[in-house]
Each structure stands twice: as C-alpha cells, then as structure tokens.
Amino acid sequence: MENVSLSLPPLSESGEVVTFYSYKGGTGRTMALSNLAVLLARQHNSTSPVLMIDWDMEAPGLHHYFDLHEERPGVLELFEACREQLGRRHRSAGTDAATDSAAPEGEALANEVLAAVGWQQYVSRVDQSSQLYLMRSGRFDDTYGERLAAMHWDDLFDSCPALFRCFADLMARHFRYVLVDSRTGRTDSAGICTTLLPRKLVVVFTPNRQSLEGVEALVSRAAAYRSSHEDEQRPLLVYPLPSRIEMGDSTQRAQWRRGAPEQHIIGYQPIFERLMRDCYGLPHVSLDSYFDEVQLQQTRTFAYGEQLAVRMDQGGDRFSLTRTFEAFLDWLGPGYFPWQSAREIHLLSAVADTRHALEQGGGEAGIGARALSQPLARDLNLLGEMYRQEGRLRQAAACFEESLALRQRSMGDDHLDTLTSKSNLAGVLRMQGQLDEAQFLEEGVIAARERMLGPEHLDTLAARANLAATLAQQHRTAEALNIQDSVLDAYLRRFGPEHLLTLACQAARAELLFQRGDIDHARQAQEQVLAARKRTLGAEHADTLRSKTALARTLVVARDLDGARRLLDAVFRAQAGRLGAEHPDTRRTQALLDGVAQQAAALPGAATSPELHQDAAMDDYGDALARPFHLRALTPHTLAGSDPVRGLTPGGMAYVAHKAG
C-alpha cells in the first residue's frame, strides 16, 4: 500500500470515537469494525475521513484486512513517546520549584504532551479511493513484546489522567469517525478503550453465557464510571451487536434472542433491555425493531481469512452481511438509540431531509417549497401518531403542531388533511390534560366536517366521539353521554350491533356510565361488548383485553373482587405471553392484580356479586360465587386512571380514525 503524507485539517465539527469491544475472542469484532469503517468512509462522496485504531495489542490483526505490511509506528510507540514527554516534564518540575508552580496540569498538560509527540507519523492511509486511515498497534520488531510488557497503562493514566480523553478529542477533531478495536477481557487497555475514549460503545458478542455475562459487566462498569467521575460526565451510547448468528437454526436463534426459561436461557434481548433501563434510567426499553435488523449472520464465505464483505457482496440484498452492516449504521451513524424503532428512524430521516431541502430552497415560500411542505406535514403527522401510541405525548404534540401549521399555510384551515392534524393535536392535548384547548379544536373539526362531509360521515362521527371524551374529562358527563348516544345510534343504524366500530362506541359509552357512577348499566354494556369481541376477535385480541380490563374495574366497584381477579389474571397471562413480563402494559395489569389481592386480603369475607348478564363471558369468571361485601376505598373516580391497556378510556377509542396522510 502506497504511503501518502497526511494532510488532514481540523473538521468544522468534531467527529466521534466509537469503541468495539468483545469479552471473548472469536466474535468477529475486528471483522465488523473493518467492514463498517469501509462503509463510513464511502459516505458523503467518500469525503469523510475515518480512522481505525488497533488497540488489541496482544493480538493485533486489523492491518491484515487492508494488506498493510509497512513497519510503521503505532499506538504503542505513540504512548511510549507520551510517557517519555511526561517523564521529562515531571523531572523538570521536580528540580525547579519556580517551574513547578507554573507547570501545566490536567488537560493543558495532556494537550501539550500530545502536541509535542505529534500524531500524523503514526497513521497510514489504507484506501486510495476514500479517506480511510489506520493506526496499527505498533512496529512489530523483535522488541515489540518486551516493550508492550513494559507499558503500564495504569501508571500512564495516573501520571496524566486527562491524556487518553484528550487523545480521543484530538483524533475526533481530524476524523469524522474514530473506530477503536479494543482488547478483550478485563484489562487496563480494555478499560481505557471502553471507558475513557468513546462516545459510542459497540459490544460484539456471540450467543453464549460467557460472552453475554462479560459484555454485560463491562457496560455496567463503563456507565457507572461515566456517571460517578466528575471529569467524565459525558454521554455513552451503547450498541449491542450479536455476531456469528446461525441463520439456519430458527429455533435456537429465537431461544437465545428471546430466552427459553425451560432451558435456563435468559436471552440476549431481555438482558440488554434490562441493562439499558438500568443504565439510562428508563421505565421501559424495547429492542424488538433493533434486533430484527441487527444480527451478524455466520457465513462460510467470510469464515476464513480476512475478507471484507462490503467489498465483495456489492448487491447488499437482505441475505448479505453488507445489508446487515448498513442496517446497523442506520442506528450507529446518526446516533439514534437502539430502542428507537426502524420506523421512527425512517420518519426522522425523511423529516430531516425535507427540512434540509426547504432550507436550501430558501424557506417555505414559492411553489417548490409548498410542494415540499406537504410530504413534511404527512411525515410529521405519522411520526406524531407513532409517538402518541408509545405514550410520548410531548413529542407527539410537537409533531402535530408543526404538521398543522404547515397544512394551514399550504392547504387552508378547512382542508381534510388540515382537519386530521387538528384532530390529532386535540387528542394529544386531551391526554395531557389541556382540555379547553382540545375542546376548541374538536368543535372546529366537527363544524368543518359536518359542513363538508355531512353529519353522519365516519370522520364526523369520530370527531363528535372525540368531543364526548373531552367533555367527560371535564366532568360534563351528561353532555358527553348525549353526544355518545347519538354517535352510537348512527353506528347501529349503519352497521348493526356487532360491527367493530359499534362495539368500540358502545365500550366508550360504558366508560362514561362508569365515570358517572351508573355501575349496573356500565357492567351490562361491558359484558355485551366483551362477549361480542370474544366471538369476533378472539379471547386474547388487544380490544378483547381492553374489554376485560374495563369490566374488571367495574367489578371491583361492584364488590366482585374474585370476578375482577379472574379477568385481570386472564389479561395478564395473555399480555405476558404476547408482550413479555416486563412490558408496561403487563406490569400495569400486574399492579392492578396486586391491588385486588390486597383488597381481598383486607376483606376476607368478600367474594362476588350477582351472576353475569352474558353467558359468553362466563369463561373469564370461572366458578366465582356471589357474596356481597363493602369496598369503600375503590370507586369509579379512584379507578378512572388505572387502566393498564392504553386506549381504554374514551379518548383512546379504537373507532377514532386518524388518517395516515
């Protein structure tokens, strides 16, 4: 490989340091780093400088992927020079008291040492078609092993704690990406690479207990160090990268990903979900979308030798390693969190691209800008709907507000798409408790839709149902019921009693009765809806589970704890099997079950109240007997906010249609 003198001025914005770590060897860590480095160097018309650093000094091998045979100094020689510079300064400071008082310390000392050493002589260019560079482990002469053994990384850190952090900052000023290949295991050099250097940490593992336990412990230590040391209060984004996945065995692949308790396999996805909850202080983390896309498959072609998949399988079809590496970069490159879904990333990227195009075109004036504002409003609306479903209401409101403003400017206040954005924003405002603002928007939507579509158009009926939900939260239950009854009557005439829209409307009406304290009529309606949904959708459909939970809440107030417990137990088992035991919905149902159990323990003579109105719901009650008791602590008002399934309250009714556009 031809050696070209480096000419790399500082970047306009600092780049990022990314460390690749594996607890055990044989994971394909170096292979993954090499392939990703090639892809990153190709970005932006191959103008992004990328540096690879081989810090796996006991077993260096990164240079083999790039056919680099020159004996050039590298990491070892650079820090030997730093050690020498520090020694000179400490000796000079020790012999001159005046110098000692003015001697640089901390970052100033580290930057002075690094400037004296210079970094360019330790870096080689390894690709003449892109700006891809390598700092190898060192010069592999006869003294390499002896010199490596004499390099005590902990002593070097103690002599200048800021040295490694400043080295990382220096490299990031000249390279868009700095990819560090770390030593395995629990060593001083591995600690430097994973704790002190990076902004992003890629932990490469194979599906086995040793590998998983090792990376889990490493991530916990790195996160704890960053949060507990005053000088290291910097973000650390962690990206798990499963490797050597055998694609031909779907059963084992699923077991090691999701877990198999009967075989004492926890599963790497639950491990990392729990780890990220703990490290980032999040109530819930789902890595479903991430691990659906990011699994490095085992392939015969690349099992031997040092071959770069991204240079061979140029097609990048869905079975190729190249496609997997590209999918991984969708998260790693822009810095998205692993718990962000692929859909969210796609929408965020589309929104960013359209905004950039608008900025390049001079803002939102002109025909071209108006044409761009429509897809931007559409993507913002889709993004807001996704955030609403995930309970991220602040982000949802911001998306809907911007979408609404764009559509009002480009299409007018009464355009159907504008009304959709207005309705969506009103729904989020209601969920946030901004009821007057929601009511104002909803009344405007109703008036416009009645004028343009007619009083019994589905969109008009949905808007009226939304207003009923808002009025109910304002404690205007009688007004809400009148509106809800008119909507239900329209659905019954148009679709009949067992259409899904009719059932959703009836469920919302039952909720209003519950809030008003009309427990008997609420219970009758809920039992009818539950029976119909079980027949139509199945016993474990999400809407059926909502009906079971709503009826359970009513049964608690009706002094039927045993019936409520049986319903909630059925909901919990269905959610645990479909969503997992740690999902927020499952955990909320468990909390309701615990509350019912506590009430039952406090009232040992309590059981159930009179028999059911619908035989089709009997299976969910089992053989619960009717014995009345007094339960003063639980009322419709105290239970109104206890729903464990999003969308149960009138504001989340399934029949409210939010157009995708």
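Residues numbered from 1 in each chain as written. Predicted model: local features only at pLDDT ≥ 70, side-chain atom pairs only at ≥ 80, totals over all residues. Heavy atoms only, no water.

**A closer look at the environment of Arg209**
- Of note, Arg209 is situated in helix 9 (residues 209–228).
- On the accessibility criterion, Arg209 (44% relative accessible area) is partly exposed.
- Expressed as a C-alpha distance, the spacing of Arg209 and Ile266, which sit 57 residues apart in the sequence, is 9.1 Å.
- Beyond its immediate stretch of four places on either side in the chain, Arg209 contacts Trp256, Gln263, His264 and Ile265.
- Engagement of the side chain of Arg209 in a polar contact is seen with the backbone oxygen of His264, the distance being 2.8 Å. (Helix = DSSP H or I, 4+ residues; strand = E, 2+ residues; numbered from the N terminus. Buried < 20%, exposed > 50% of the residue type's maximum accessible area, 1.4 Å probe, protein only. Contact = heavy atoms within 4.5 Å. Polar contact = N/O pair within 3.5 Å; in protein donor to acceptor, adjacent residues only side chain to side chain.)

**Structural notes on the packing of aromatic side chains**
- Inspection of every chain in the model, using the stated rule, returns 20 aromatic pairs.
- Taking 6.2 Å as the distance between ring centres and 50° as the angle between the ring planes, the aromatic pair formed by Trp153 and Phe164 counts as tilted. Of this pair, Trp153 sits in helix 6 (residues 153–159) while Phe164 is found in helix 7 (residues 163–172), placing the two residues 11 residues apart along the sequence.
- On the basis of relative accessibility, which here comes to 0%, the residue Phe164 falls in the buried class.
- Taken together, the ring pairs in this structure connect Phe205, Tyr268, Phe272, Tyr290, Phe291 and Trp331 into an aromatic cluster. (Phe/Tyr/Trp six-rings, centres within 6.5 Å; stacked < 30°, edge-to-face > 60°.)

**Let's talk about the pattern of salt bridges**
- Enumeration over the complete set of coordinates arrives at 37 salt bridges.
- Between Arg183 and Asp56 there is a salt bridge, and its shortest N-O distance comes to 3.5 Å. Pair noted here: Arg183 is in the loop between strand 5 (177–181) and helix 8 (188–196) and Asp56 is in the loop between strand 2 (50–54) and helix 2 (75–95), with a separation of 127 residues, a long-range link.
- With a shortest N-O distance of 3.0 Å, Glu479 and Arg476 are connected by a salt bridge. (Salt bridge = Lys/Arg side-chain N within 4 Å of Asp/Glu carboxyl O.)

**Focus: the side chain of Gln131**
- Along the chain, the position of Gln131 falls in the loop between strand 3 (124–127) and strand 4 (132–135).
- Here Thr47 takes part through its backbone oxygen, which lies 3.0 Å from a polar atom of the side chain of Gln131.
- Excluding its chain neighbours within four sequence positions, the residues that come into contact with Gln131 are Leu8, Ala41, Ser46, Thr47, Ser48, Pro49, Val50 and Arg125.

**As for the sheet that holds strand 1 (residues 16–21)**
- Strands sit in the order 3-4-2-5-1-6-7 across an open sheet of 7 strands; the sheet is mixed. Among the strands making up the open sheet, the edge pair consists of strand 3 and strand 7 (237–242). Going across the sheet, the axis of each strand differs from the next one's by a mean of 25°, ignoring polarity.
- Inspection of the sheet shows strand 1 paired to strand 5 by 5 bridges, in the parallel sense. When the sheet's bridge partners are listed, Val17 is paired in strand 5 with Val178.
- Along the sheet, helix 1 (residues 29–46) makes contact with strand 1, strand 2, strand 4, strand 5, strand 6 (200–205) and strand 7, crossing strand 5 at roughly 170°.
- Lying on the sheet, helix 9 is in contact with strand 1, strand 6 and strand 7; it crosses strand 6 at an angle near 165°. (Pairing = 2+ DSSP bridges. Axes fitted to C-alpha atoms, helices over the stretch in contact; angles between N-to-C directions.)

**So, a negative patch on the surface**
- Taken together, the side chains of Asp154, Asp155, Asp158 and Asp188 make up a negatively charged region of the molecular surface.
- Among the elements that take part in the negative patch, helix 6 stands out by supplying 3 residues, more than any other.
- Relative to the helices and strands, Asp188 resides in helix 8.
- The class for Asp188 is partly exposed, based on a relative accessible area of 45%. (Patch = residues over 30% accessible without salt bridge, like charges linked within 9 Å, V, L, I, M, F, W, Y side chains within 5 Å. Areas by Shrake-Rupley, 256 points an atom, 1.4 Å probe, with all protein chains shown as cover. Lys, Arg positive; Asp, Glu negative; His and termini not counted. Charge placed at Lys NZ, Arg CZ, Asp CG, Glu CD.)

**As for the confidence of the model for the protein chain**
- Residues at a pLDDT of 70 or more form 85% of the protein chain, whose mean pLDDT is 86.
- Between the elements of the protein chain, mean pLDDT differs from a low of 44, seen in helix 27 (residues 618–621), to a high of 98, seen in strand 5.
- Contacts of residues 606–661 to residues separated by more than four positions or lying in other chains number 156 contacts, the stretch itself having pLDDT below 50. (pLDDT = per-residue confidence, 0-100.)

**Quick look at the packing of helix 24 (residues 542–557) against helix 25 (residues 561–578)**
- One can describe the packing of helix 24 onto helix 25 by two numbers: an axis separation of 8 Å at closest approach and a directional angle of 155°. When the axes of helix 24 and helix 25 are compared, the pair comes out roughly antiparallel. Like other packed secondary-structure pairs, helix 24 and helix 25 cross with a definite hand, here left-handed. Together, Ala542, Leu545, Lys548, Thr549, Leu551, Ala552, Leu555 and Val556 of helix 24 and Leu561, Gly563, Ala564, Leu567, Leu568, Ala570, Val571, Ala574, Gln575 and Arg578 of helix 25 make up the contact between the two elements.
- Tallied by class, residues from the contact of helix 24 with helix 25 come to 13 nonpolar, 3 polar and 2 charged. (Parallel < 35°, antiparallel > 145°, perpendicular 65-115°, else oblique. Left-handed = near helix turned anticlockwise from the far one by under 90°. Nonpolar A, V, L, I, M, F, W, Y, C, P; charged D, E, K, R; others polar.)

**Re the environment of Leu51**
- Looking at where Leu51 falls in the secondary structure, it is placed in strand 2.
- Spatially, the C-alpha atoms of Leu51 and Val126 are 9.8 Å apart, while their sequence positions differ by 75 residues.
- The contact partners of Leu51, leaving out residues within four places of it in the chain, are Val123, Tyr133, Leu134, Met135, Met171, Phe175, Tyr177, Val178 and Leu179.

**Details of helix 21 (residues 477–495)**
- With 19 residues, helix 21 should cover 27 Å at 1.5 Å per step; its first-to-last C-alpha distance of 26 Å lies within 8% of that length.
- Those residues of helix 21 that sit buried are Thr477, Ala480, Leu481, Ile483, Gln484, Val487, Leu488, Ala490 and Tyr491.
- Against the buried residues of helix 21 lie helix 20 (458–473) and helix 22 (500–516).
- Positive backbone phi, at 95°, marks Gly496, one or two positions downstream of helix 21. (Expected span 1.5 Å × (residues − 1).)

**Side note on the pairing of strand 2**
- Taken across its 5 residues, strand 2 has 5 buried, putting it largely inside the fold.
- Bridge analysis of strand 2 against strand 4 gives 4 bridges, and the strand direction is parallel. By the bridge assignment for strand 4, Val50 is matched with Leu132.
- When strand 2 meets strand 5, the two strands line up parallel, connected through 5 bridges. Across the sheet, residue Leu51 finds its bridge partner in strand 5, namely Val178.

**Points about unusual backbone geometry**
- Its identity is not glycine, yet Arg244 carries a phi of approximately 55°, on the positive side.
- Residue placement: Arg244 occurs in the loop between strand 7 and helix 10 (250–258).
- Of note, the phi angle at His475 is positive, near 65°, even though the residue is not glycine.
- With respect to the helices and strands, the residue His475 is situated in the loop between helix 20 and helix 21.

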